[in-house]
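Summary of structural features
Here's the letter readout for the chains.
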Amino acid sequence: MLLSDAMNAGGYFYLVPLVVIFPVIGLLINVFLGGKLGEKLIGAIACLASGLSFVVAVLLGISLIGHPEAVTISFANWNWISIGNLQLDWAFRVDTLSVTMMLVVGGVGTLIHIYAVGYMHDDVRHNGDPGRFRRFFVYFNLFIAAMMILVSANNYMMLFIGWEGVGLCSYLLISFWYEKGKDGIGNALAGKKAFIANRIGDFGFLIAAFLMFKAFQPLTANGVFSFDFDTVANLASKVPPSTILAITLFMLLGVTGKSAQLPLFVWLPDAMAGPTPVSALIHAATMVTAGVYLVARSHAMYSLVPVAQNWVAMIGAVTALFAATIALAQFDIKKVLAYSTISQLGFMVAAVGMGAYVAGMFHLVMHAFFKALLFLSAGSVIQGVERGEHEVEHDPNLRKRMKHEGHFDPQDMRNMGGLRHRMKTTFWVYLIGALALAGIVPLAGFWSKDEILAEASTLNPFVFVLLIIAAFFTAFYMGRQIFMVFFGQARSEPAAQAKESPAIMTLPLIILALLSIVGGFLNFPTFHTFTTWLEHTIQSVAEGVSGGEAAAGGFNFMVAALSTVLALGAISLAWYLYMRRTQEMQKLPLNQRPDDPLRSIIGPIFSVLENKYWVDEVYNFLLIRPYQWLSKFLAEKVDWAFWHDFFHDTILVRGFNGLTHLLSGPIDLGLIDGIGNFLGDGFKELAAQMRKLQSGFVRNYALSVFIGVVFIVGYLIIRLG
Amino acid sequence: MLPVYYYLGLAIILFTLGALGVLIRRNAIVIFMSIELMLNAANLAFVAYARYWQSMNGQIFVFFIMTVAAAEVAIGLALIVTIFKTKASIDVDQISTLKG
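A few words now on the overall build of chain B. If you tally the helices and strands in chain B, you get three helices and zero strands. The N-to-C order of helical and strand elements in chain B reads α-α-α. Radius of gyration (C-alpha) of chain B: 17 Å, far over the 13 Å computed for a compact globule of 100 residues. Across its three principal directions, the C-alpha atoms of chain B cover 50 × 25 × 25 Å. Long-range contacts, defined here as pairs at least 24 residues apart, represent 45% of the contacts in chain B between residues at least 6 apart.

Shown next, in the form of structure tokens:
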């Protein structure tokens, strides 16, 4: 009743600042009072903050049902920065696009918060620092706050604040275990890499913002430009297309940074160094989708420059295929999912690049569900194996059976196997997630990925080919992962002793699995609920980009059939290789047995994929080394040797010392003292001479008197005579 | 009466002798005598011109000079006696301890 009143009346739009404020309050409470609260309370506060944020998003969504046009709410009428022609305010925008993102961030975020309470309880003990629990949830809430700022912003600058905020939180959370990792610094380096790659993207965003100011400010009604979306959308057609092209291409650089596309995707696989809930929330469901959101938001500009759109689509498609091939050959369970994320982001970026905004956003939402599910389940698997490892460590019988070949990596799939018997719930939800990702009907991924493929088939055939091949590989590597992890025999003792995760972790998994199953019906063909929902924000959706049923997210039977056939084929191939072939290979002696059946088939190509095409090494050689050389040169030669040693020490210091010595020595002591001494000595001499007058001889005095009298009398006589 | 410049000449000669005596002689009493001589030379000049101008002023002034001379000699001789008591000599060249 209250809700329907809200729909009819003004709605709950005024509540929108709370989506940001609730997480901020949560993190402040944990920062200042968290020391005295126990783990349960810290976790509860964090989950509550995130949950309340989600509730507000739901209320906003409900309000939008009755009033689908965009509403902008200024934050306390606060005119934040107003300098000349520039004005920046904290203004929130409630429209169907932003509320979609808010619901995803809030909903999936809250589920991951709940999972993280259970996960981090084990993780901080596994890594030996229980006190760090609080810090995790402070950062987590900070992330939700920053992401909410990003998606609820009404202007590009507020969006950028959120954009940088999530970059910061990503850095903080990736290097959460900052003293661990390879050589005791690996995690910190991974965080640094993420931040720097994101920064390069931010640079692109800023250049685009500066260009926007230069181009749009003269066109505004009162000469003041505030970067808000409506102004940009309305005035975009009046700006010369070359400027729009420049703006969109620089913005694309920002997108490649944040959403891990070529060429700035290199940070995402390294980001797996962070705890698994971080990978799930930030690097699967939310932060990385910010780039896709940005392109969708800027559709007014992108639709004016087909060249830029083509670039976006191509980068997305090529990244999708590129990352999918790398994922085929990875052995770390999280790395496979990381490359899979890059690949799926490529799908989304390609979709919004082609103009299929609905398809892209739909896939964004679906992907959030099943990728978060997959990451969280992977975390569950990893912790299960770690529990098994703990069992083995404390049981001498089992310890004897374990092969001690160096450090045991609980994340390596080659150490897993047969876990479907030991971790049943995790197995089922993982299977659902994997099938959803592979695109098996009727799970969520089928509908969203199929929509993208359908759009591509009519809009951009080249992109379609790339994406369909990527879809094939996607299904293959997910099948590979399922068979390696859950089927067959346990390949190591800890895997044989693995234990299922507690309910606080498996419950969010189950919820996400249910969402992955039913999510597809959000935009079921002929109902197109989501399309209509987004229509209110992205006008081009309504009339369709290429016209007809196919454009507005229609259902293309041929494409659907093709993708399903390919997916099933890929999974069967994976079954053949990783079940049958592996069994045959077990019969070979240990030294001849390859660790992956694919290696024996495609040999050297497998090595290339396993080494991720040596992208990091190439970047290191081409970019990092020269940069480090340059900075060393500047620091050692220019700054230290030249400025410090030569200029400062030699010229300035020595010169100054010389000058002071000159001034103090010859001039002060010599000249000025000389003058003083000269005067003094002179007077002494004069006095010495004058002293001779005081001879003491009375007769001399008498003579002086006499001479004086003679002179005076003589003068008087001469003058007066 | 003789022309006045005869008396003036005599006074001048006497004065000069007295001045030379003050400057040259070392004996304190002789210096006093020379001073008396100078004073008397001045007296002579005064009296001569008093007669010449037929005025009493000059002669009155001689009385002043004689009085002053007498007082000064009294004091001076007392000083010399005191000095003799300390230095056993009245040679003015020896009274030179007040030198710079």
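Now for the overall build of chain A. If you tally the helices and strands in chain A, you get 30 helices and four strands. Taken over C-alpha atoms, the radius of gyration comes to 38 Å for chain A, far larger than the 27 Å a tight globule of 721 residues would show. Taking the principal axes of its C-alpha atoms as reference, chain A extends roughly 150 × 75 × 50 Å. By the burial criterion, 49% of the 721 residues in chain A qualify as buried. Contacts spanning at least 24 positions in sequence make up 80% of the contacts within chain A whose residues lie at least 6 apart.

Attention now goes to the interface of chain A and chain B. Listed per partner, the contact involves 10 residues of chain A and 11 residues of chain B. In terms of residue class, the side of chain A that touches chain B is made up of five nonpolar, three polar and two charged.

It is worth spelling out the pairing of strand E4 (residues 91–94) of chain A at this point. All names here are of chain A. Where burial is concerned, the two faces of E4 agree: the one with Ala91 and Arg93 and the one with Phe92 and Val94 are both buried. Note: strand E1 (residues 71–74) against E4, four bridges, orientation antiparallel. Looking at the pairing, Val71 lines up with Val94 of E4.

This part takes up the confidence of the model for chain A. In the predicted model, chain A carries a mean pLDDT of 85, and the fraction of residues at 70 or more is 94%. Between residues 542–554 of chain A, whose pLDDT stays under 50, and residues either more than four places distant or in other chains, the model counts 26 contacts.

Here we take up helix H29 (residues 615–691) of chain A. At His648 of chain A, H29 of chain A is deflected by roughly 40°, the largest bend along its length. Burial analysis of H29 of chain A places just zero of its 77 residues in the buried class, a small minority of the element.

With an omega of -5°, the peptide bond running from Leu262 of chain A to Pro263 of chain A counts as cis. Tracing the chain through its elements places Pro263 of chain A in the loop between helix H9 (241–258) and helix H10 (267–270). You will see that Ala88 of chain B, though not glycine, has its phi angle at about 55°, which is positive. As for its position among the elements, Ala88 of chain B is in the segment after helix H3 (57–87). Classification of Ala88 of chain B as exposed rests on a count of 8 C-beta atoms within 10 Å.

Residues and elements named next belong to chain A. Close contact between helix H15 (residues 333–354) and helix H16 (residues 357–393) brings their axes to 9 Å; oriented N to C, the two are set at 175°. As the angle between them shows, H15 and H16 are arranged roughly antiparallel. Of the residues in H16, those in contact with Ile333, Lys334, Leu337, Thr341, Gln344, Phe347, Met348, Ala351 and Val352 of H15 are Tyr357, Ala359, Gly360, His363, Leu364, His367, Lys371, Leu374, Phe375, Ala378, Val381 and Ile382. Along the lines of polarity and charge, the residues of the contact of H15 with H16 split into 14 nonpolar, five polar and two charged.

This paragraph deals with the environment of Ile29 of chain B. Residues and elements named next belong to chain B. Relative to the assigned elements, Ile29 resides in helix H2 (residues 28–53). Residues Ile29 and Leu77 lie 48 residues apart in sequence; the distance between their C-alpha atoms is 7.9 Å. Sequence-distant contacts of Ile29, defined by excluding residues within four places in its chain, comprise Ile80 and Ile90.

If you look at the biggest cluster of nonpolar residues, it comprises 225 residues, and the most contacted ones within it are Phe143, Ala372 and Leu467 of chain A. Of the residues forming this core, the biggest block, 20 residues, is contributed by H16 of chain A. Excluding anything up to four places from it in sequence, Phe143 of chain A contacts Val166, Cys169, Leu281 and Ile282 of chain A. One finds Ala11, Ala19, Ile31 and Ala41 of chain B within the second-largest nonpolar core, a separate group that totals 10 residues.

On to the environment of Leu515 of chain A. All names here are of chain A. The residue Leu515 is located in helix H23 (residues 503–518) in this model. Leu515 gets classed as buried once you count the C-beta atoms within 10 Å, which come to 23. Separated by 279 residues in the primary sequence, Leu515 and Ala236 place their C-alpha atoms 38 Å from one another.

All names here are of chain A. For helix H11 (residues 276–285), a buried count of 10 out of 10 residues is recorded, marking the element as mostly surrounded by other parts of the structure. Of all the positions in H11, only Thr276, Pro277, Val278, Ser279, Ala280, Leu281, Ile282, His283, Ala284 and Ala285 are classed as buried. The elements touched by buried residues of H11 are helix H4 (96–126), helix H5 (133–152), helix H6 (156–174), H10, H15 and H16.

The next point concerns the packing of H15 of chain A against helix H21 (residues 461–486) of chain A. For any two helices packed against each other, one specifies the crossing angle of their axes together with the interaxial distance. Residue and element names in this part refer to chain A. Remark: H15 packs on H21, axes separated minimally by 11 Å, with the N-to-C direction vectors making an angle of 160°. Classified by the angle their axes make, H15 and H21 are roughly antiparallel. As H15 packs across H21, the resulting crossing turns out to be left-handed. Residues Ile333, Val336, Ser340, Ser343, Phe347, Ala350 and Met354 of H15 form the contact with H21, whose participating residues are Val463, Leu467, Ala470, Thr474, Tyr477, Gln481 and Val485.

Glancing now at the environment of Arg699 of chain A. You can see Arg699 of chain A is positioned in helix H30 (residues 698–720). Sequence spacing of Arg699 of chain A and Pro666 of chain A is 33 residues, and the spatial spacing of their C-alpha atoms is 50 Å. Once residues lying within four places of it in the same chain are set aside, the contact partners of Arg699 of chain A are Leu23 and Val92 of chain B.

Cut-offs and rules
- Residues numbered from 1 in each chain as written.
- Chains lettered and ligands numbered in written order.
- Predicted model: local features only at pLDDT ≥ 70, side-chain atom pairs only at ≥ 80, totals over all residues.
- Helix = DSSP H or I, 4+ residues; strand = E, 2+ residues; numbered from the N terminus.
- Rg over C-alpha atoms; globule rule 2.2 N^0.38 Å.
- Contact = placed C-beta atoms within 7 Å.
- Buried ≥ 20, exposed ≤ 12 C-beta atoms within 10 Å, placed from the backbone.
- Nonpolar A, V, L, I, M, F, W, Y, C, P; charged D, E, K, R; others polar.
- Pairing = 2+ DSSP bridges.
- pLDDT = per-residue confidence, 0-100.
- Bend = angle between axes of the 7 residues up to and from the residue.
- Axes fitted to C-alpha atoms, helices over the stretch in contact; angles between N-to-C directions.
- Parallel < 35°, antiparallel > 145°, perpendicular 65-115°, else oblique.
- Core = buried A, V, L, I, M, F, W, Y, C linked by C-beta atoms within 7 Å.
- Left-handed = near helix turned anticlockwise from the far one by under 90°.

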